[in-house]
Amino acid sequence: MTVNLDTISLQRSSTIRDALAALDRSAMGILLLVDAQGRFERTVTDGDLRRMLLDGKTLNDDLTTLPARTSVVLQSGYTRRQALALMQEAVINHIPILDEDGRAIDLIERAKIDQQVLLSTPHMGEAELEYVAEAFRTNWIAPLGPNVDAFETEIAAMVGVKHAVALSSGTAAIHIALRLLDVGVGDVVFCSTLTFIASINPAIYQGARPVFIDSEPESWNMSPRALEQALLAAKAAGQLPKAVIVVCLYGQSADMDPIVALCDRFGVPLVEDAAESLGAKYRGRASGTFGKLGIYSFNGNKIITTSGGGMLVTDSAELAERARFLATQARDPAPHYQHSVIGYNYRMSNVLAGVGRGQLKVLDERVAARRRVFETYKSELASIDWLEWMPEPEWSFSTHWLAACVIKPDAPITVDKLIRALSDEFIEARPMWKPMHLQPIFADAEYYRHGNESVSDGLFERGICLPSGSNLTDGQIGRVIETIQKLQ
Ligand SMILES: *Cc1c(COP(=O)(O)O)cnc(C)c1O
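The rules behind each value
Residues numbered from 1 in each chain as written. Predicted model: local features only at pLDDT ≥ 70, side-chain atom pairs only at ≥ 80, totals over all residues. Heavy atoms only, no water. Near = heavy atom within 4 Å. Polar contact = N/O pair within 3.5 Å; in protein donor to acceptor, adjacent residues only side chain to side chain. Areas by Shrake-Rupley, 256 points an atom, 1.4 Å probe, with all protein chains shown as cover. Nonpolar A, V, L, I, M, F, W, Y, C, P; charged D, E, K, R; others polar. Helix = DSSP H or I, 4+ residues; strand = E, 2+ residues; numbered from the N terminus. Contact = heavy atoms within 4.5 Å. Phe/Tyr/Trp six-rings, centres within 6.5 Å; stacked < 30°, edge-to-face > 60°. Buried < 20%, exposed > 50% of the residue type's maximum accessible area, 1.4 Å probe, protein only. Lys NZ or Arg CZ within 6 Å of the ring centre and 35° of its normal. Domains from an automatic or database assignment. Buried area = accessible area lost by both parts, 1.4 Å probe. Salt bridge = Lys/Arg side-chain N within 4 Å of Asp/Glu carboxyl O.

## Digging into the site of the ligand
In the neighbourhood of the ligand, 15 residues make up the surrounding shell, with Gly170, Thr171, Glu276, Ser297 and Lys302 lying closest. Within the side chain of Asp273, an N or O atom sits 2.8 Å from a nitrogen atom of the ligand. In the model, an oxygen atom of the ligand is placed 2.6 Å from a nitrogen or oxygen of the Glu276 side chain. Relative to its unbound accessible surface of 380 Å², the ligand loses 93% to contact with the protein. Counted by class, the shell around the ligand contains 4 nonpolar, 8 polar and 3 charged residues.

## Quick notes on the side chain of Gln359
Note on placement: Gln359 falls in helix H12 (residues 350–361). In this structure Gln359 touches His123, Met124, Gly125, Glu128, Ile304 and Thr305, once residues within four positions along its chain are discounted.

## Observations concerning the packing of aromatic side chains
Scanning the entire structure with this criterion turns up 10 aromatic pairs. Aromatic pair Tyr250 and Trp433: ring centres 6.3 Å apart, planes at 20°, arrangement stacked. Linking Tyr250 in the loop between strand S10 (243–247) and helix H10 (256–266) with Trp433 in the loop between strand S19 (430–431) and strand S20 (446–448), this pair joins segments that are 183 residues apart in sequence. Taking the centre distance of 5.7 Å and the plane angle of 90° together, the rings of Phe374 and Trp389 count as edge-to-face. In this pair, Phe374 is assigned in helix H13 (residues 363–380) and Trp389 in strand S16 (residues 387–389), connecting sequence segments 15 residues apart. Residue class for Phe374 comes out buried when judged on its relative accessible area of 1%. The ring of Phe290 has Arg285 lying over it, and the distance from NZ or CZ to the ring centre is 4.1 Å.

## Quick notes on the domain arrangement of the chain
Once the domains are mapped, the chain shows domain 1 (5–112), domain 2 (127–360) and domain 3 (363–485). Computed from C-alpha atoms alone, the centre-to-centre distance between domain 2 and domain 3 is 25 Å. The interface is formed by 46 residues belonging to domain 2 together with 42 residues belonging to domain 3. Both sides together, the interface formed by domain 2 and domain 3 hides about 3,900 Å², and carbon and sulfur atoms give 65% of it. Its largest share of buried area at the contact with domain 3, domain 2 owes to Trp220, Tyr250 and Ile303, together 23% of the area lost on that side. Across the domain 2-domain 3 interface, the total number found is 1 salt bridge. The residue Arg209 makes a salt bridge to Glu446 at a minimum N-O spacing of 3.0 Å. Inspection of the region where domain 2 meets domain 3 yields 24 residue pairs in polar contact (both at pLDDT 80 or more). Looking at the side of domain 2 that touches domain 3, the elements that each hand over two or more residues are strand S9 (209–213), helix H9 (224–237), strand S12 (281–282) and H12. Within the side of domain 2 that touches domain 3, the residues separate by chemical class into 24 nonpolar, 12 polar and 10 charged.

In C-alpha cells:
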C-alpha cells in the first residue's frame, strides 16, 4: 500500500498554488510538509490552505506562515489495530510512517488500514442470480420446486450417488440420517471427537448417548484404531452403537477403507459427515459417499453456500424417499392431514436451491482456489520450522476448506499469541475445533484415544485455522504470510 511520497511532499518555500496543484494531482486529500533535509514536519490539508487564503494570503504566497503543528505519526512496527485506534482518537484518515531520521517512508490510509481478512466468506459465481430470478419469474418461491429437484440431481451426479435430498441445513441432514437409522432414547452413537458440535447434536435431540473417538495423526480424522477399541468394548458390554458418525475435517476425508471395514465387521451403519469436505476425494471417490448415508452443508462459511442448507445423500431409494417424507412433516398418503410418526419441516426452499445450483457450477474452481491458498501459506512459510501443516495422506485429495496447521510444542509462540498477533492486523484466525470429549456438556461421555496420548487434545491445544476463502486476494494472503513471518 506504499504511496509515492514524492508527489505529495513539499517544503515551506512552495506556494499555495503548488500545494493546491499537488493536492489535486494526488487525490489523497493530504500533503506532507518537509524541511530542507527532507524530515517530516506536519501534514497539510486543503482546509489548512483554505484558511491561509481566507486570512488574506494569495496563491503566489509560500507556506512560511503555515503554523507549526504536531501531527500524529507512527514508526514501522505498528499494528493495524494501533494505527486505526490513533486515527479514530485524532479523527484523521491518514498517518505518516517515519524512519529513525524523521523522514516519511509511507503514508497509511484509514480506508485501507481497517480492511479485514476473514476466515471463510461466501463467494458467489455468475449463475446463481439467474436461477434465483427464474424462481421469481415462475413464482416457484416455495415450497420445493424445479431448482430443488435439479440441485439434488446435479449433486448426486457430481459425487456419484443414486439419491440426494436437499434440506434446510447440514444439521437437519444429520438429524434425518439418525432418524432413518432409528436412533432413539438410550441408544449409543459413536462420533469423531474433533468436530463442530453440529455433528453430534442430532444424536442428543434423539435422546442417544454419544461416545467420542479420537483422531489419528495421519489425517487428523477418526482413528480406525480407536474406533476398533470402542467397537470391541461396546460389543463386550452388549450394546453396539446404532450409528457411527465419521467427520471429514477441514476438507479432508477420513481414512475410509478401515473405517468402513470395521463398521461392516460389527454390523453398524456409517453416517459420513462431509459438511466440510464437498469436493474432496478418498482414493479418487467423492468424500461423503462411503457411508450408508452422507451429508453436506451449504452454510455461509462452507466451500459453497446456499446461505443456509444441507444435503443428504444415499444409494438407497427407500431411504431417500423416507427422508423426504420425514423432512416434510411426515404426512401419511391421505387427502386429509394424517400423521403416524413425527416429522420435521426440514426441506430446502426453491430460491436457495437456485443459489446452490449456481454455486455447484464453480465448485471445482473453489476447491482449486482453497488448495492454492493452503499451498501458498505452506511454501511461503516453509522456513518457519515451528509450524506443521495439516498432512494430506497419499489417498487423500483435500479441499483444504480451512487452512489448518499446528504450532510445534517447542515453538517460540503460543496459539493465543499467534491469533492475537493476526487479530492486531485485522486477520481472523481461529483455534481448531474444541474436541467434543472436552466440552462441558459432554463431560461424562465415554472417549476412546488413538494411543496413550489423546491426538485430538494435542491438535486442539496447538492448532490454528488461517483465512482460507476462495475469494482471498494475493494481497490478503500476503498479509497473513507477512504477519506470521514477523513472528519468527
Ligand atoms: C458446518 C458443519 C455442520 C453443520 O452444518 P449446518 O449446515 O451449519 O447445519 C455439521 N458438521 C460439521 C463438521 C460442520 O462443519
